[in-house]
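What follows is the residue order along each chain.
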Amino acid sequence: MPEPLTNVVPFETAVPSPAAFSPIGARGLSAPPSRVFIIDDDEAIVALVGSIAERVGCAPVPVTSLARLNEVMDDIDPADVVVLDLNLGAFDGVSVLRRFQQHSCKSPILVVSGCEQRVRASAVQFGRQLGLDMLSPIAKPFDPAAMADTFRRHASARAAITVADVEHAIENDELTVHMQPIVDIKTRRASGAEALVRWQHPVRGMIYPDKFIPLVERHPLMLPLTLTVAHQAFATAAGLPDSISVAINVPPICLGDAEFPDLLMSIATKHRISSARITVEITETAAMADPTFTAVQVTRLRIKGFEVSLDDFGTGYASLTELHRMPVSVIKVDRSFVSRLLRDEEAKAIARMTVHLGRSLGLKVVAEGVEDRETLELLGSWGCDEAQGYHIARPMPAEALAGWIAAWKENQPAHTFG
Ligand code: C2E
Ligand code: CA
Ligand code: CA
């Protein structure tokens, strides 16, 4: 693994202590821990994965034989995570995937394997075709921090989250914002940060957005949620130099609200920051669901001086004509292409074409999911403007951003690509 560009502690790599998952809240809602089923015939791997699971508050369940798998199969539930080795000696991972389908397994499945990348990818693809919830696979030997992160994200407390829970969270100020820095690739200076919502649940610990945003994405609650994030993000920006911008994620239900641009403007005014320092991110998929309507809403935001970015670009099939008509100022190359581009020629071709496309339309191009130095340099050589990703910094509590930017400035010699 290449050296990270900074020695600043990446906050979200820190594995929370199991205490963070203990029932401490007044609501008394004590959810039993999620389990991690480890299907692997290698005892050493089972022990290692088990210790990582325990560190994030999950209960490991070793499954080292077919007989054991048969015993536990019907006990696995959607709150658990399954770790699956592909090469299991007596039987193979693909046949296990078939069994999971037969047993209607709803749990997220993480393939961890020493097989070559194409074999792993093809097994995952097969699992998806069977309707299984396949996570991005991990190669052996693996990075324990990455695995811990996957467990934290996917092991959900047993009691399902409801819309009423999210409403309660907004009312009780349980939503906080983490900021992930974005840097200018040419000058290596920090240029901005994206606000990413986190739910600091009094009982369940930190809950990531993919656990609750999809639940409320089309619900009217999305408006107060987005405005809460905007408040926190703009307050953070107010304490930073004018050269630092902030991005917030805005789903269609907000974009479609006639009042939204004015509401956003009033929050910016309250925190005395210029709309030029604010980027509204809308996903390409959302934008393309109704391009004509989106173009109008984007225009209204641009008139007020906001920057607008097409997020997750490459996943939503925007046609060139639609892209040309959409008055966005930024495109963000989706992390599924960026994080794989050194290993996957197709991902690399898509990322490179997206950078060129954005540049030739006069848009700023931001790559997200930059996980190593080589990727950063390659993107720079293609003319990509900005980068965001674990290689630069993980998302961090908003109050840590100013310190991060100061430390980053000191450590970064200006660098240009030839
Ligand atoms: P997104 O907008 O694509 O946000 C970037 C996600 O990529 C973040 O996940 C971030 O932690 C993760 N990420 C950043 N760098 C890397 C990297 O180098 N490698 C990898 N593998 N991942 C990286 P997070 O915070 O879990 O957010 C997930 C998604 O939830 C976001 O994807 C966004 O769609 C949504 N989301 C987050 N906050 C909000 C919000 O306030 N409102 C709305 N509507 N959606 C939000
Ligand atoms: Ca985003
Ligand atoms: Ca994105």
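Residues numbered from 1 in each chain as written. Chains lettered and ligands numbered in written order. Predicted model: local features only at pLDDT ≥ 70, side-chain atom pairs only at ≥ 80, totals over all residues.

Turning next to the overall build of the protein chain. What the protein chain contains, in helices and strands, is 17 helices and 16 strands. Relative to its 418 residues, the protein chain shows a buried fraction of 43%. Expressed as a percentage of contacts within the protein chain between residues at least 6 apart in sequence, the contacts between residues at least 24 apart total 71%. (Helix = DSSP H or I, 4+ residues; strand = E, 2+ residues; numbered from the N terminus. Buried ≥ 20, exposed ≤ 12 C-beta atoms within 10 Å, placed from the backbone. Contact = placed C-beta atoms within 7 Å.)

For ligand 1, the set of nearby residues contains 23 residues, the closest of which are Leu 196, Val 197, Pro 209, Gly 389 and Tyr 390. Only β8 (190-201), α8 (222-238) and β12 (307-313) provide two or more residues apiece to the shell around ligand 1. When grouped by side-chain class, the residues that make up the shell around ligand 1 number ten nonpolar, seven polar and six charged. (Near = placed C-beta within 6 Å. Nonpolar A, V, L, I, M, F, W, Y, C, P; charged D, E, K, R; others polar.)

To continue, consider the packing of α8 against helix α10 (residues 260-270). Taken N-terminus to C-terminus, the directions of α8 and α10 make an angle of 30 degrees; their axes are 9 Å apart at the nearest point. Overall, the two elements α8 and α10 adopt an arrangement that is roughly parallel. Here α8 and α10 pass one another in a crossing that is right-handed. Together, Leu 227, Ala 230, His 231 and Phe 234 of α8 and Leu 263, Leu 264, Ile 267 and Ala 268 of α10 make up the contact between the two elements. Split by residue class, the contact of α8 with α10 holds seven nonpolar, one polar and no charged. (Axes fitted to C-alpha atoms, helices over the stretch in contact; angles between N-to-C directions. Parallel < 35°, antiparallel > 145°, perpendicular 65-115°, else oblique. Left-handed = near helix turned anticlockwise from the far one by under 90°.)

Turning our eyes to something else, we now look at the confidence of the model for the protein chain. Scored by pLDDT, the protein chain comes out at a mean of 87, with 90% of its residues at no less than 70. With pLDDT under 50 throughout, residues 1-11 is counted as low confidence; its partners more than four residues away or in other chains account for 21 contacts. Every residue in residues 13-30 scores below 50 in pLDDT, and together they form 24 contacts with partners more than four places removed in sequence or on other chains. (pLDDT = per-residue confidence, 0-100.)

Before going further, it helps to spend a moment on helix α3 (residues 93-102). Listed as buried for α3 are Gly 93, Val 96, Leu 97 and Phe 100. Down the axis of α3, the buried set is contained in an arc of 105 degrees. They therefore lie on one face. Residues Ser 95 and Gln 102 are exposed on α3 and point more than 90 degrees away from its buried face. Where the residues of α3 are buried, they touch β1 (35-39), α2 (66-72), β3 (81-84), β4 (108-113) and α4 (117-129). Two residues or fewer past α3, Ser 104 is found with a positive phi of approximately 50 degrees. (Arc of directions from axis to C-beta.)

A word on helix α16 (residues 373-382). Residues Thr 375, Leu 376, Leu 378, Leu 379 and Gly 380 constitute the buried set of α16. Count one or two residues on from α16 and you reach Gly 383, which has phi positive near 100 degrees.

Of all hydrophobic cores here, the largest spans 74 residues; its most connected members are Ala 195, Ala 233, Val 246, Ile 248, Val 333, Leu 379 and Ala 387. Dropping the residues within four chain positions of it, Ala 233 is found in contact with Val 177, Ala 195, Val 246 and Ile 248. In this structure, Leu 97, Ile 109, Val 111 and Val 124 belong to the second largest nonpolar core, which totals 35 residues. (Core = buried A, V, L, I, M, F, W, Y, C linked by C-beta atoms within 7 Å.)

As a further point, take unusual backbone geometry. Of note, the bond from Lys 140 into Pro 141 is cis; its omega dihedral lies within 30 degrees of zero at -5 degrees. Mapped onto the elements of the fold, Pro 141 is located in the loop between β6 (138-139) and α5 (144-154). Here Ser 104, not a glycine, exhibits a phi torsion of approximately 50 degrees, which is positive. Take Ser 104: it is sitting in the loop between α3 and β4. The backbone of Arg 188 shows a phi angle near 65 degrees, a positive value even though the residue is not glycine. Assignment of secondary structure puts Arg 188 in the loop between β7 (175-184) and β8. Assessed through the 21 C-beta atoms surrounding it within 10 Å, Arg 188 is described here as buried.

For Thr 283, the location among the structural elements is in strand β11 (residues 278-283). A residue is classified by how many C-beta atoms lie within 10 Å of it, and Thr 283, with 21 of them, is buried. Remark: the alpha-carbon pair of Thr 283 and Leu 310, spanning 27 residues in sequence, is separated by 5.5 Å. Sequence-distant contacts of Thr 283, defined by excluding residues within four places in its chain, comprise Asp 311, Asp 312 and Gly 316.

Turning to the packing of helix α1 (residues 43-55) against α5, a few remarks are in order. The description of two packed helices rests on the angle between their axes and on the distance between the axes. Where α1 contacts α5, the two axes come as close as 9 Å, and the packing angle between them is 55 degrees. With respect to α5, the axis of α1 lies oblique. Between α1 and α5 lies a crossing whose hand is right-handed. Between α1, through Val 49, Ile 52, Ala 53 and Arg 55, and α5, the contact on the second element is made entirely by Pro 144, Met 147, Ala 148 and Phe 151. Across the contact of α1 with α5, the residue classes tally to seven nonpolar, no polar and one charged.

Moving on: the environment of Ala 123. Mapped onto the secondary structure, Ala 123 falls in helix α4. C-beta crowding within 10 Å serves as the criterion here: with 23 such atoms nearby, Ala 123 is assigned to the buried category. Here the alpha-carbon distance between Ala 123 and Pro 137, two residues 14 residues apart in the chain, equals 9.3 Å. For Ala 123, the residues in contact, after removing those within four places along its chain, are Leu 86, Gly 93, Val 94 and Val 111.

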